[in-house]
Amino acid sequence: MNFIYNKIFLKHKTSNHPECPARLSYFDKNTGETKLENGEKYLNLIYNKDYIGLIKKSSEKELHIDADTYTNKYSYEAACFSVASAIKASEQNSFSLGRPPGHHATKSKAMGFCLFNNIAIATKNLISKGKKVFIIDFDGHHGNGTQEIFYNSGNVLYLSTHQFSAFPGTGWIDEIGENKGKGFNINIPLPPETGDDLFLQSLNTFIPIINKQFKPDIVGVSAGFDGHYSDSLLQLNLTTNAYYEIGKLLSNNFNNIFACLEGGYNLKFIHRNILDFVNGVSKKEQQFKEEFTKSDNDVKNDFKLRMSILKENLKDYWTL
């Protein structure tokens, strides 16, 4: 799995914000630039002219869309190139380092640092080519935008692991999709202080089932690293080991995998987590081993109850 990187991703910035260009400083120094087209032409796969115009005007005027989500004069351009990076990643089984991130952006609302939903646009493009897509989102926050966009679709299976109830407050075990999409939306809401053990247990439960029963043509990963114990925005207790192991698990079950960067805000650890996730996917040795974390009994009991109810909610759709 190779990286897709372009310096345009650094131009989306404001002062004193966790979603900052410094998140990519390691890759700016160590990764060559990828030639990208402007991805503006792909926006209409999900967004209407009014929404696109809103983001463009906000960028021109350097407005904050909400308390968390900013723009500057380069944000619209950077977001369009981030979309193009996601498209290219989906075609090449690569990792898009595009920013701003995307998984909180709904069809009609920018939020949670996100302007356009990069992985959703790439997935829509794949669907238009007749592909069946599994999206796994292991960002520590729930990808409410991606869930909303595909909530009625049977061509996309969306699975999210996330701390509940953290921002944005969605992603509970009863949110399983609607209409043709019923059963194709799987939320694994993790209690605060969840460690590597339960995170990996949950994915080891569902990934083989999805491989054998859904049989996707391609897997898109919303790769967020804010579940790491060092990250100040959440209270999960994951280590680099978790990201390496999920990379291996995906690679052992699927042939075609691409990824889009979402969260992860500790500047010391984000590149380590990204690199070891990619090492896992590429079946290379882990570079940054940490002490494996285990959840305490209260967390285990809470998690066990949630998983039991989730399986009950899904039993009519999958053989669990």
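Residues numbered from 1 in each chain as written. Predicted model: local features only at pLDDT ≥ 70, side-chain atom pairs only at ≥ 80, totals over all residues. Heavy atoms only, no water.

Structural notes on the packing of helix α6 (residues 196-214) against helix α9 (residues 297-314)
Their axes nearest at 11 Å, the elements α6 and α9 cross at an angle of 15°. Considering the angle they form, α6 stands roughly parallel to α9. The handedness of the crossing between α6 and α9 comes out as right-handed. For the pair α6 and α9, the contacting residues are Asp-197, Leu-198, Gln-201, Ser-202, Thr-205 and Phe-206 in the first and Val-299, Lys-300, Phe-303, Met-307, Leu-310, Lys-311 and Leu-314 in the second. A breakdown of the residues in the contact of α6 with α9 according to their chemical character gives 7 nonpolar, 3 polar and 3 charged. (Axes fitted to C-alpha atoms, helices over the stretch in contact; angles between N-to-C directions. Helix = DSSP H or I, 4+ residues; strand = E, 2+ residues; numbered from the N terminus. Parallel < 35°, antiparallel > 145°, perpendicular 65-115°, else oblique. Left-handed = near helix turned anticlockwise from the far one by under 90°. Contact = heavy atoms within 4.5 Å. Nonpolar A, V, L, I, M, F, W, Y, C, P; charged D, E, K, R; others polar.)

So, the pattern of salt bridges
In the structure shown here, the tally under the stated rule is 9 salt bridges. The closest approach of N and O atoms between Asp-28 and Lys-7, which form a salt bridge, is 2.6 Å. With a gap of 21 residues between them, Asp-28 in helix α1 (residues 25-30) and Lys-7 in the loop between β1 (3-4) and α1 connect regions that are remote in the sequence. Exposure remark for Asp-28: the relative accessible area of 26% places this residue in the partly exposed category. Close ionic contact of Glu-19 with Arg-99 constitutes a salt bridge, the shortest N to O distance being 2.7 Å. Remark: Arg-99 occurs in the loop between β2 (95-96) and α4 (118-128) and Glu-19 occurs in the loop between β1 and α1; sequence separation between them is 80 residues. (Salt bridge = Lys/Arg side-chain N within 4 Å of Asp/Glu carboxyl O. Buried < 20%, exposed > 50% of the residue type's maximum accessible area, 1.4 Å probe, protein only.)

Digging into the pairing of strand β7 (residues 257-261)
Extensive coverage of β7 is indicated by the burial of 5 of its 5 residues. With burial as the criterion, each face of β7 is covered, one bearing Ile-257, Ala-259 and Leu-261 and the other bearing Phe-258 and Cys-260. In this sheet, β7 lies alongside β2 in parallel orientation, the contact comprising 2 bridges. Residue pairing in the sheet places Phe-95 in a bridge with Ala-259 of β7. (Pairing = 2+ DSSP bridges.)

Side note on the packing of aromatic side chains
In this structure the tally under the stated criterion is 21 aromatic pairs. Ring geometry for Phe-113 against Tyr-265: centres 5.7 Å apart, planes inclined by 85°, an arrangement best described as edge-to-face. Here Phe-113 is found in the loop between β2 and α4, whereas its partner Tyr-265 is found in the loop between β7 and α8 (270-281), with 152 residues between them in sequence. Across this residue pair, the class does not change: Phe-113 and Tyr-265 are buried. Here a set of aromatic residues connected by ring pairs shows up, and it is made of Phe-3, Tyr-26, Phe-27, Phe-95, Phe-138, Phe-225, Tyr-243 and Phe-277. Taking NZ or CZ as reference, Arg-272 lies 5.2 Å from the ring centre of Phe-269, over its face. (Phe/Tyr/Trp six-rings, centres within 6.5 Å; stacked < 30°, edge-to-face > 60°. Lys NZ or Arg CZ within 6 Å of the ring centre and 35° of its normal.)

Description of the side chain of Gln-286
Mapped onto the fold, Gln-286 is located in the loop between α8 and α9. Of the residues examined, Gln-286 reaches a relative accessible area of 15% and is grouped as buried. Here Asn-241 takes part through its side chain, which lies 2.9 Å from a polar atom of the side chain of Gln-286. For Gln-286, the contacting residues outside a window of four places in its chain are Thr-240, Asn-241, Tyr-244 and Asp-276. (Polar contact = N/O pair within 3.5 Å; in protein donor to acceptor, adjacent residues only side chain to side chain.)

Here's the deal with helix α2 (residues 49-61)
Quick reminder: α-helices carry 3.6 residues per turn. Residues three or four places apart thus point the same way. With 13 residues, α2 should cover 18 Å at 1.5 Å per step; its first-to-last C-alpha distance of 18 Å lies within 8% of that length. Among the residues of α2, those classed as buried are Tyr-51, Ile-52, Ile-55, Ser-58 and Ser-59. The arc that holds every buried residue of α2, seen down its axis, measures 130°, which confines them to one face. Residues of α2 that are exposed and angled more than 90 degrees away from the buried face: Lys-49, Asp-50, Lys-57, Glu-60 and Lys-61. Packed against the buried residues of α2 are α3 (75-92). Between the side-chain oxygen of the N-cap and the backbone nitrogen of Asp-50 there are 3.2 Å, and the N-cap of α2 in question is Asn-48. With its phi angle positive at about 55°, Glu-62 sits one or two positions after the end of α2. (Expected span 1.5 Å × (residues − 1). Arc of directions from axis to C-beta.)

These values are about where atoms sit, not about what they do.
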